[in-house]
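Chain by chain, the residues:
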Amino acid sequence: MTMVERLGRWRDEGVITPAQFERLGAIVRKDRFSVSLELNALLYLGVLSIAAGLLWTVRTHFADLGDSAVVLALSAIVAVCVWYCFSRARPYSSGEVESPTAIFDYVLYLGCLVFAIELAFVEMRFALLKDAWDSYVLVSAAVFFAAAYRFDNRFVLSLALSTLAAWFGIRLSRFGFGSADSLRASALVYGALVAGTGIALQRLTIKPHFVETHLHVAATAAFVALTSGVTSANTGFFYLFGLLTLAVISIAYGIRRREFAFVAYGAVYPYVGISLKLVQSLSVTTTMAYGVVSGTAMVIVVVYVARRFGRDA
Amino acid sequence: MNLYAIADEERIHAAAQIREWTRSGLLDASQGAAIETALHTDLKRTNRYLRVALFIFGTIVVVAAFGFWMVAFGVSRESVVGWSAIVAGVVSCVLAQLLVVQFQLYRFGVEEAFAVWSVALVAVGAGLLTSSGGNGGDLPTLVACVTAAIASAFVFVQFGYLYAAFAAAACAALSAFNLGLSRDAERIVSACVLLVIFTVARTVRRTHDQSFRGDDYGAIESLAWLGLYAVLNLQLSLGFIWYSRGRPDFSSTFYWSTYAAIWLLPAIGLALAVRDRHRMMLWANTIMVAATLATNKPYLGWNRQTWDPILFGILLVAVATGVRRWLLRASDGHRGGFTPLPLVVSADRQVLDVLGTLAVAAQPFAPRMPGETPAVEPGRGGRSGGGGGGADF
């Protein structure tokens, strides 16, 4: 039975109104076809491409262009973006706010990206803050957080979180196993700060819909840091203890709030951590046997959790 | 052939649509709940995150079990490894079927892992057996690709996993690169294979329009079309794909024919997508247009400029805003049914939220450890000194 036939049956049975039938039928039959998502994707890619091109151009040609020209040009772009956003923005609300125009979110994102490029250029060329150069990054993160919360923009929030991570000495996209203890400690402090801020703001009902982004980023940073530290010679067991504790918290939170990504984090990362620790002292044959037994056990446990708590598709 | 009843799958897809419509306010919560209850099936499902976790653990079980067999019994002869892989693949597939038939699992992750790894094991086994028979050159890879294509198609037909169909199409297309043909011919054969897949999927899709099967075949059709473009765009694969051993020698006629093709294919595809209101084709052809613009200069042998991405970005923004305004200017805010406004708000927002969260990967500042000083002197150039041609940030 096609969806249109189902809709007809529901209308005849009185489950949906004739008006709903018309509207939903038009969507299913594609009499109405929205290209909203496609246009948003083009805008997002366009902004990223412009920012990448600006960065490339400034990096390659700043000697020819001159410092003043570069700073003036970048400042002009930032100023136009800021003017556009403040002139079009709806009044602040602590709840979710619809974008006033179709391009509003992307203009703000472009402004923030260009601002970051400009700050990086100024720091590189003039080194005004000398040894305290990293303050530029912290200031940027603060500006991005303010913009994200003022204008309710998730792209800029993600930019703020990654910029804060940069300040903590973490490069999220490249952070992997074998990192130094100092980086792991930074990642853990970063994770705690991001999660704590997100939860605190949620409790204050300030943009509570942002909390998920905070928690996903925080959980990823903390889990990766702890998992990568499990094999450390001296501190491995501390990391393992931390990993298991975080897993319990993550799973409990995930089940209570029905956010099953956190249940998955709490299952996969500790498994990887424990396995890394165990296989160090096992022969190849025993490692394989361990894989079969532990993998099967984890399948059973996760299937139980899925059947007991996570039936939603 | 499919392990699931069509009626069950239809109900599942209908329930998913009802959920989206309810979230978007097109249906009341009470209406949504009542309809969803009526669409209940006995198939056991889970949410996407636990599905991924179960896929990972299922993968560990399959790989470790095969590894244990190899290590514990000291299997090292190529032919024995090949047969072991084939047997393990068949066992894995049977286990996946058992999980579906016995426990009624539907997109649960663990049975998917068994099915997916059965394809990999059988394909690798077939390749190794061919190699152990004294056949060198491209033949073992060809056999592995063809076997993977057939096995993936089998998994798609049995379980309905769309990604298995994608794998089947990709493996079938890759087979052409192992036939010992000339550089031109292997791409022509590969393109023909993808064109056949595109045509078949398109024909089947049109007969299943407005059903969930139609969406699946539409996705296969779009992917085959995208693959056809990727095979014919020589600049996409030069020095990138493992098949290109150095700069291949393409004939001038072939080279310029492919240049024409990379402009024609997206144009034809976009026309078809708009006519059929086919979202996947719209996405595929948008990607193709972007790829054509990005590879145009290398195709013509022109140098890329640093401001090319700026112009490209401005073009994308201009097209997006232009199309939006053009559609909105029409009466009722749509032209021929096309509207720039979201119809199912929650679905669009979900994608944009994911995109927004993934934007965390965009990091404008390269982090340095505290205490590390900038690489250049204030007001001066870079490491190479003077004017600072080598400076970087």
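Residues numbered from 1 in each chain as written. Chains lettered and ligands numbered in written order. Predicted model: local features only at pLDDT ≥ 70, side-chain atom pairs only at ≥ 80, totals over all residues.

The next subject is the overall build of chain B. Secondary structure assignment for chain B yields 14 helices and 1 strand. Buried residues in chain B amount to 40% of all 393 residues. Look at the contacts in chain B between residues 6 or more apart in sequence, and 58% of them connect residues 24 or more apart. (Helix = DSSP H or I, 4+ residues; strand = E, 2+ residues; numbered from the N terminus. Buried ≥ 20, exposed ≤ 12 C-beta atoms within 10 Å, placed from the backbone. Contact = placed C-beta atoms within 7 Å.)

Within chain A one finds 12 helices and 1 strand. N-terminal to C-terminal, the α/β element order of chain A is α-α-β-α-α-α-α-α-α-α-α-α-α. Overall, the C-alpha framework of chain A stretches about 70 × 65 × 40 Å when taken along its three principal axes. Within the span of chain A, comprising 313 residues, buried residues form 46% of the whole. For chain A, restricting intrachain contacts to residue pairs at least 6 apart in sequence, the fraction spanning at least 24 positions comes to 56%.

Let's shift gears to the interface of chain B and chain A. Interface size, as often reported, equals the accessible area lost upon joining of the parts. At the junction of the two partners, chain B supplies 87 residues and chain A supplies 98 residues. Ranked by residue count, the leading element in the side of chain B that touches chain A is helix α3 (residues 48–72) of chain B, at 16 residues. Sheet topology note: the strand β1 (residues 33–34) of chain A/strand β1 (residues 338–339) of chain B ladder contains 2 bridges and is parallel. Along β1(B), the bridge assignment pairs F33(A) with F338(B). (Pairing = 2+ DSSP bridges.)

Time to look at the domain arrangement of chain A. Along its sequence, chain A is organised into domain 1 (1–32), domain 2 (34–167) and domain 3 (168–313). With centres defined by C-alpha atoms, the gap from domain 1 of chain A to domain 2 of chain A works out at 44 Å. (Domains from an automatic or database assignment.)

Overall, the predicted model of chain A reaches an average pLDDT of 90, with 95% of residues at or above 70. Taking the mean pLDDT of every element in chain A, the minimum, 90, falls on helix α7 (residues 154–167) of chain A and the maximum, 95, on helix α4 (residues 67–88) of chain A. (pLDDT = per-residue confidence, 0-100.)

The next point concerns the packing of helix α8 (residues 183–207) of chain B against helix α9 (residues 212–232) of chain B. Residues and elements named next belong to chain B. The interhelical angle for the contact between α8 and α9, taken along N-to-C directions, is 160°, at an axis separation of 8 Å. By the angle between their axes, α8 is roughly antiparallel relative to α9. Judged by the twist between their axes, the crossing of α8 over α9 is left-handed. Contacts between α8 and α9 involve R187, S190, A191, L194, L195, I197, F198, A201, R202, V204 and R205 from the former and G214, Y217, G218, I220, E221, A224, W225, G227, L228, V231 and L232 from the latter. In the contact of α8 with α9, the residues fall into 14 nonpolar, 4 polar and 4 charged. (Axes fitted to C-alpha atoms, helices over the stretch in contact; angles between N-to-C directions. Parallel < 35°, antiparallel > 145°, perpendicular 65-115°, else oblique. Left-handed = near helix turned anticlockwise from the far one by under 90°. Nonpolar A, V, L, I, M, F, W, Y, C, P; charged D, E, K, R; others polar.)

Looking now at the domain arrangement of chain B. Once the domains are mapped, chain B shows domain 1 (1–43), domain 2 (46–180), domain 3 (187–304) and domain 4 (308–340). Averaged C-alpha coordinates put domain 2 of chain B and domain 4 of chain B at centres separated by 44 Å.

Residues and elements named next belong to chain A. Even without being a glycine, A127 presents a positive backbone phi close to 45°. You can see A127 is positioned in the loop between α5 (104–126) and α6 (134–151). A count of 20 C-beta atoms within 10 Å places A127 in the buried class.

On to the environment of L327(B). Residues and elements named next belong to chain B. Following the sequence through the fold, L327 ends up in helix α13 (residues 308–329). The class of L327 is partly exposed, set by 19 C-beta atoms lying within 10 Å. Non-local contacts of L327, meaning those with residues more than four positions away in its chain, are made with H334, R335, F338, T339 and P340.

This paragraph deals with the nonpolar core. Judged by nonpolar contacts, the single largest core of 184 residues is most densely connected at V156(A), V302(A) and A169(B). Once residues lying within four places of it in the same chain are set aside, the contact partners of V302(A) are A267(A), L50(B), A53(B), L54(B) and F57(B). Core analysis: the next-biggest nonpolar cluster, separate from the first, contains 14 residues, L7(A), I16(A), I18(B) and W21(B) among them. (Core = buried A, V, L, I, M, F, W, Y, C linked by C-beta atoms within 7 Å.)

Okay, the environment of C112(A) next. Residues and elements named next belong to chain A. Among the secondary structure elements, C112 is positioned in helix α5. Remark: the alpha-carbon pair of C112 and A63, spanning 49 residues in sequence, is separated by 24 Å. Not counting residues within four places of it along the chain, the set of residues in contact with C112 comprises F144, A147, V156 and L159.

Attention now moves to the environment of T306(B). With respect to the helices, strands and loops of the structure, T306(B) is situated in the loop between α12 (279–300) and α13. The exposure class of T306(B) is partly exposed, given the 16 C-beta atoms found within 10 Å.

As a general rule, the predicted coordinates of low-pLDDT regions are not to be interpreted in detail. Residues and elements named next belong to chain B. Chain-level pLDDT for chain B is 87 on average; 88% of the residues reach the 70-or-more range. The low-confidence segment residues 239–247 (pLDDT under 50) makes 5 contacts with residues lying over four places distant or belonging to another chain. Note that residues 367–393 has pLDDT below 50 and, in this model, 49 contacts with residues that lie over four places away or in other chains. Across the predicted assembly, pTM comes out at 0.88 and ipTM at 0.89.

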